[in-house]
Structure formats: C-alpha cells, structure tokens
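Structural overview
So you can see what is in the structure, the chains are spelled out below.
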Amino acid sequence: MSLGTVFKSQKEILGEMKSVYEKTFGGSYRAFFAPGRVNMIGEHTDYNGGHVFPCALSFGTYALAAKRDDRKVRLASLNIRGGEVFEGSLDDLVYHEDGGWTNYPMGVLWAFEETGRKLPSGVDILYFGNIPAGSGLSSSASLEVLTGLVLRELFGFEDVSQEDLATLGQMAENQFVGMNCGIMDQYASAMGQKDHAIYLDTNTLKKEYAPFVLKDAKIVITNSGVKHQLASSEYNTRRAECEKAVEKISSVKPVSTLGELTTKEFEKVKDVLKDETLLRRARHAVTENARTLEAYDALLKGDVETFGKLMNESHTSLEKDYEVSCPEVDFLVHEAWKLPGVIGSRITGGGFGGCTVSIVKNEHIENFMEVLQKKYKEKFGLDAEFYIADPGDGAHEIRID
Ligand code: GLA
C-alpha cells in the first residue's frame, strides 16, 4: 500500500498542460509553479500580529504563460470545465460576481497596476492545480503568488521581490476578492524552502527557516473532504472580533495587536472585555501565539514530543475558544489522538472544514491512515484523503526545453 495520495509528477502535469496550451493559445510560453502550504502551528495569529509556522508543500499550482501584444487577458484552468477560456482585459480590472476563480488572478493584475506597476500588455495563462480546492491548503494563495510571479517574469518587474509576491497576493485577496486574510498563506507559497518550515513574525515579517524533516516521523495531512463554505464570512467576523478586543484592551493597556500580549499580561487585562465571546476569541489569539513561540523553541531543541503536545492544545483552543472547527474535523483529530505513534494532531488553515495536520511515527503511518479512514467512513459516510507533506520550495519558474 502506498503512503497517502500519489500526485502526478511535474513532468506528466506539464505534458498535459502543454498540449492544451498549444491547442488553446498556441505560440511559445514559459512554465511556473507556486506551492500550497500546511501550517504546523500558529493559527489565526497572522492578522493578530502573532507568529505562524507553515511549510510550503511539494504540490500546488502550475502555469504556462506568455505575454500578448494587445490588452486582452485570457485565462484558462485545466481544473475548470476542461480549460474553458475566460477573456478579460487590462481595461476592466474590476471584481466580477460571476468571475469565480478568475477574480484571484485578475486581482493580482489589479494589485500590480494599483502599486504603480503598469502592465504593458495582456497575457495568456493556462493554470493547473493539484491542491484540492477548499481544503485549507491555500489553493487560492498559490494562484495569486503564481500570477504575480508570471507577471514579474514576463514583464521584467525587477523591483518585485519574493516577499512582494506575497504582499501583492494578499492585497488582491483583501481588496479585490474581499477576504481579509493575513499574510501567512501567500508568504509560505512565495518564500518556502525545501525541508524547512518558516517561523514568521507577522508583525515585522522577520523570518527564520527551521529544518523540518523528522528522523522517524512524518507530517501527514488528512483531508476531511468538507469544504470550508463559511470560511470567508466567519473568517472576517473572527477578525473583526479580535479588532474589537484590541480596542477594549487598549483602554487599559496600550496595544495595537493581540500578538503583543503575553498570556500573563492578558490575564491582567482580560476583565475589560466583559463579553464572553470576545474573551474566548482574544484568549485563543494570545495563547496560540505563546504556543507557537514555545513550539518553535521545542523543535530547535529536537523536542518533537513537546511540539506535538502544543499542536494538540492548539486544536482544543481552535475548537472551543475560536470555534473555527466542525464535527468532521474534530472527529478526525480526536480519533488521531488515540492512535499509536501520533505525536500531535490539529486542524490546519482557516477552518470550518478542510484538513488536519498530524505528526506520525513512520512505522504507524499505514495503520493511522487505515483506521482513521475506516472510522471516518463509518461515522460520516465520507472518504478521508491523506497526503504525506514534503516541505518544498517557494514559487519559481520551471525551465522547459
Ligand atoms: C487562512 C488565511 C490565513 C490565516 C489562516 C488561519 O488560511 O488566509 O491568513 O489567517 O486562515 O491561520
């Protein structure tokens, strides 16, 4: 039995894309890739000025692209209706209600123009992604970062750094698509490094790369198959609740984000919140940030057991205080905790469905997948999917001959 879902190789994917590109757009093109991400710990801390600890994955979104000599923007995706072509224009960079996925790349074109990087001509882009959509592994962030990379490389915007690809992607998502996400997903997709996780202070964007290949265990992602439908509206509500908490706390202690507070400091000021929901939301943001600092230290010391324990505590906080989980994901996590060889397990990403991330000892991985699959099917009638995460590099061009 193979360990988890086996993805098509890059060669196979590019082969399929080339034949569709040639039929659809014709002409020569260049190839690009931007990965998805899995967050190990530090959830819903990135818009609270806290720390996160994601790794880029080896799967993500691919693009074949070329510039045009007019102002048309033609976009197609092998994932959507067999590569049906959407035709837009540089003169119409506005959000379209019926634009679906194309709003993400169009938002990035808009963000380039909005930051003074006028696009000299339109583009043809064919995409293909192997991140299951709505799984909380950042398919949309990878699409944004990838589009930024395509524009930078095709038009020679040398001032755009990898970090800028992340901030331009976030800008598109916040101001064009209307999801008030933090910086984590785009940052991981742009800045990932093979075999490493990124310890990022989202307040200052100061980062450290930490080796994340474990001797006798692996990162196993479990996809509940439940799509995070509520994610966007509930996400924006959580963010607003945290901002409200900051406003109230700053009447007794000058802070501009919850990430500035230690748990001790929070205990001293929390009574000012009065409202029970606000208290729980703020407590999650503060304690999750503290757990992330502790987890990073533990990992550097090689103490994976403590890292796993903190992952478990993170889940409980997301389930009870932040309320961003759902029965299916809770089940997968609670059952994982009971299984042999599981060092830690929690929900990962924005929540309301999507995936869990677990650290599982090598010799127990098959059993982990078999038992969880069976129990999940019995309980919910759903199939769980498993991916072994292999921390990969950030967005880059792929040389093709
Ligand atoms: C989504 C957002 C991120 C982050 C996570 C939760 O993935 O895009 O910015 O807030 O949720 O940690």
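The model shown is predicted, which means the values in this text are computed figures rather than measured ones.

Quick look at the sheet that holds strand 8 (residues 206-211) now. Pairing within the open sheet is antiparallel, and its 3 strands lie in the order 2-7-8. This sheet does not close on itself; its edge strands, each paired only once, are strand 2 (51-52) and strand 8. In terms of strand pairing, strand 7 (residues 196-201) meets strand 8 through 6 bridges, oriented antiparallel. Paired with Ala197 across the bridge in strand 8 is Ala210.

With that out of the way, let us pick up the pattern of salt bridges. For the structure on display, the rule yields 34 salt bridges. For the salt bridge of Lys194 with Asp390, the shortest nitrogen-to-oxygen distance reads 3.9 Å. Residue Lys194 is found in the loop between helix 5 (184-191) and strand 7, and its partner Asp390 is found in the loop between strand 12 (385-389) and strand 13 (396-398); the two are separated by 196 residues along the sequence. On the basis of relative accessible area, Lys194 is assigned to the partly exposed category, the value being 41%. Its salt-bridge partner being Arg283, residue Asp321 comes within 2.8 Å of it at the nearest N-O pair.

As a further point, take unusual backbone geometry. Most peptide bonds are trans, and most residues other than glycine sit at a negative phi. We note that Leu205 has phi near 60°; this positive angle belongs to a residue other than glycine. The topology assignment puts Leu205 in the loop between strand 7 and strand 8. At Phe352, a position not held by glycine, the phi torsion is positive, near 60°. Within the element layout of this structure, Phe352 appears in the loop between strand 10 (342-348) and strand 11 (355-361).

Across the sheet, which stays open at both edges, the 4 strands sit in the order 10-11-9-12 with antiparallel pairing between neighbours. Here the strands that pair on one side only, and so sit at the sheet edges, are strand 10 and strand 12. Each adjacent strand pair in this sheet contributes to an overall mean axis angle of 25°, direction not counted. Pairing of strand 10 with strand 11 involves 6 bridges; the strand directions are antiparallel. Residue pairing for strand 11: Arg346 is matched across the bridge by Val357. The sheet strands contacting helix 9 (residues 304-321) are strand 10 and strand 11, and the helix crosses strand 10 at an angle near 35°.

You can see Thr147 is positioned in helix 3 (residues 139-155). A polar contact of 2.7 Å, which involves the side chain of Thr147, links it to the backbone oxygen of Leu143. Those residues in contact with Thr147, other than ones at most four positions away along the chain, are Pro105, Val108, Leu109, Ile125 and Tyr127.

What the largest pocket holds in volume is close to 1,000 Å³. Around the largest pocket, the lining is made up of 44 residues, and of these Tyr104, Gly134, Ser139, Ser140 and His228 lie nearest the centre. Counting only elements with at least two residues in the lining of the largest pocket, the list comes to strand 6 (123-129), helix 3, helix 4 (162-177), helix 5 and helix 6 (231-249). Ranked by the residues each element gives to the lining of the largest pocket, the list is headed by helix 3, at 4 residues. Residues belonging to the lining of the largest pocket are distributed by class as follows: 19 nonpolar, 19 polar and 6 charged. There is about 230 Å³ of room inside the second largest pocket. Every residue along the wall of the second largest pocket is listed here: Pro211, Val213, Leu214, Lys215, Asp216, Ala217, Leu299, Gly302, Val304, Glu305, Ile343 and Lys361.

Let us look at the packing of aromatic side chains. Evaluated as defined, the whole model comprises 21 aromatic pairs. Both rings, one in Phe33 and one in Tyr62, keep their centres 4.7 Å apart while their planes meet at 45°; by these two values the pair is tilted. Linking Phe33 in strand 1 (residues 30-39) with Tyr62 in strand 3 (residues 54-67), this pair joins segments that are 29 residues apart in sequence. Note on accessibility: Phe33 and Tyr62 belong to one class, buried. Judged by centre distance (5.6 Å) and plane angle (80°), the ring pair of Phe212 and Phe307 falls under edge-to-face. In this pair, Phe212 is assigned in the loop between strand 8 and strand 9 (217-223) and Phe307 in helix 9, connecting sequence segments 95 residues apart. Put simply, the rings of Phe53, Tyr199, Phe212, Tyr296 and Phe307 touch in pairs and so form one group of aromatic residues.

Turning our eyes to something else, we now look at the domain arrangement of the chain. Size of an interface, as often reported, equals the accessible area lost when the parts are brought together. For the chain, the assigned domains are domain 1 (10-210 + 392-398) and domain 2 (217-389). Of note, the centres of domain 1 and domain 2, computed from C-alpha atoms alone, are 26 Å apart. Between domain 1 and domain 2, the contact holds 34 residues from the first and 44 residues from the second. Buried surface at the junction of domain 1 and domain 2, summed over both partners, amounts to about 3,100 Å²; 65% is from carbon and sulfur atoms. Summed over the three residues of domain 1 that lose the most area to domain 2, namely Met40, Ile41 and His44, the buried surface amounts to 22% of that side. Counting across the interface, domain 1 meets domain 2 through 1 salt bridge. The partner of Glu43 in a salt bridge is Arg346, and the shortest N-O contact between them spans 2.6 Å. Remark: the boundary between domain 1 and domain 2 carries 19 residue pairs in polar contact (both at pLDDT 80 or more). Of all the elements in the fold, those that place two or more residues in the side of domain 1 that touches domain 2 are strand 1, strand 2, strand 3 and strand 8.

Near the ligand you find Arg37, Glu43, His44, Asp46, Tyr47, Cys181, Gly182, Met184, Asp185, Tyr235, Gly349 and Gly350, and these make up its full shell. With respect to the ligand, the backbone of His44 contributes an N or O atom lying 2.7 Å from an oxygen atom. Within the contact set of the ligand, an oxygen atom lies 2.6 Å away from a side-chain nitrogen or oxygen of Asp46. When the ligand is considered free in solution it has 310 Å² of accessible area, and contact with the protein chains removes 95% of it. Assessed atom by atom at 2 Å from the grid points, the ligand resides in the largest pocket. Grouping the constituent residues of the shell around the ligand by class yields 4 nonpolar, 4 polar and 4 charged. Two domains each donate at least three residues to the shell around the ligand, and these are domain 1 (10-210 + 392-398) and domain 2 (217-389).

The rules we used
- Each residue is numbered by its place in its chain's sequence as written, counting from 1.
- Reporting in this predicted model follows two pLDDT cut-offs: at least 70 for local features of residues, and 80 or more for side-chain atom pairs to be given and counted; totals over whole chains, interfaces and linings ignore these cut-offs and use all residues.
- Only heavy atoms go into the side-chain values, all of them from the structure, while hydrogens and water stay out.
- Strands are treated as partners if at least two bridges between them are detected by DSSP.
- Think of it this way: any DSSP run of H or I at least four residues long counts as a helix, any run of E at least two long counts as a strand, and we number them from the N terminus.
- Every case where a carboxyl oxygen of Asp or Glu lies within 4 Å of a side-chain nitrogen of Lys or Arg is listed as a salt bridge.
- The rule is simple: take the accessible area with a 1.4 Å probe, protein chains only, and divide by the maximum for that residue type; under 20% is buried, over 50% is exposed, in between is partly exposed.
- Note on definitions: angles span 0 to 180 degrees between N-to-C directions of axes, and those axes are lines fitted to C-alpha atoms, for helices only across the stretch in contact.
- Residue contacts follow a heavy-atom distance rule, with two residues in contact if any of their heavy atoms lie within 4.5 Å.
- Pairs of N or O atoms within 3.5 Å make up the polar contacts considered here, provided that, within protein, one atom can donate a hydrogen while the other can accept it, and that residues adjacent in sequence are counted only when both atoms are side-chain atoms.
- Only protein atoms enter the 1 Å grid used here, on which a cavity is any set of points holding a 1.4 Å probe that cannot leave and a pocket is any open set flanked by protein within 12 Å on both sides along at least five of seven lines; residues with an atom within 4 Å of a point are listed as lining.
- Grid points are joined across faces, edges and corners, and a volume is the space filled by probe spheres set on the points.
- Note on residue classes: Ala, Val, Leu, Ile, Met, Phe, Trp, Tyr, Cys and Pro are nonpolar, Asp, Glu, Lys and Arg are charged, and everything else, Gly too, is polar.
- Ring pairs are drawn from Phe, Tyr and Trp, using the six-membered ring of Trp, whenever the two centres fall within 6.5 Å, and their geometry is named by plane angle: stacked under 30 degrees, edge-to-face over 60, tilted for the rest.
- Residue ranges assigned to each domain were obtained from an automatic or database domain assignment.
- Throughout, the accessible surface (probe 1.4 Å) given up by two parts as they are put together, summed over both, is called the buried area.
- Near is defined per residue: the residue qualifies when any heavy atom it owns lies within 4 Å of the molecule or strand.
- The accessible surface values rely on the Shrake-Rupley method and a 1.4 Å probe; as for residues, cover is taken only from the protein chains in view.
- The way we define it, a molecule is inside a pocket or cavity when more than half of its atoms are within 2 Å of that pocket's grid points.

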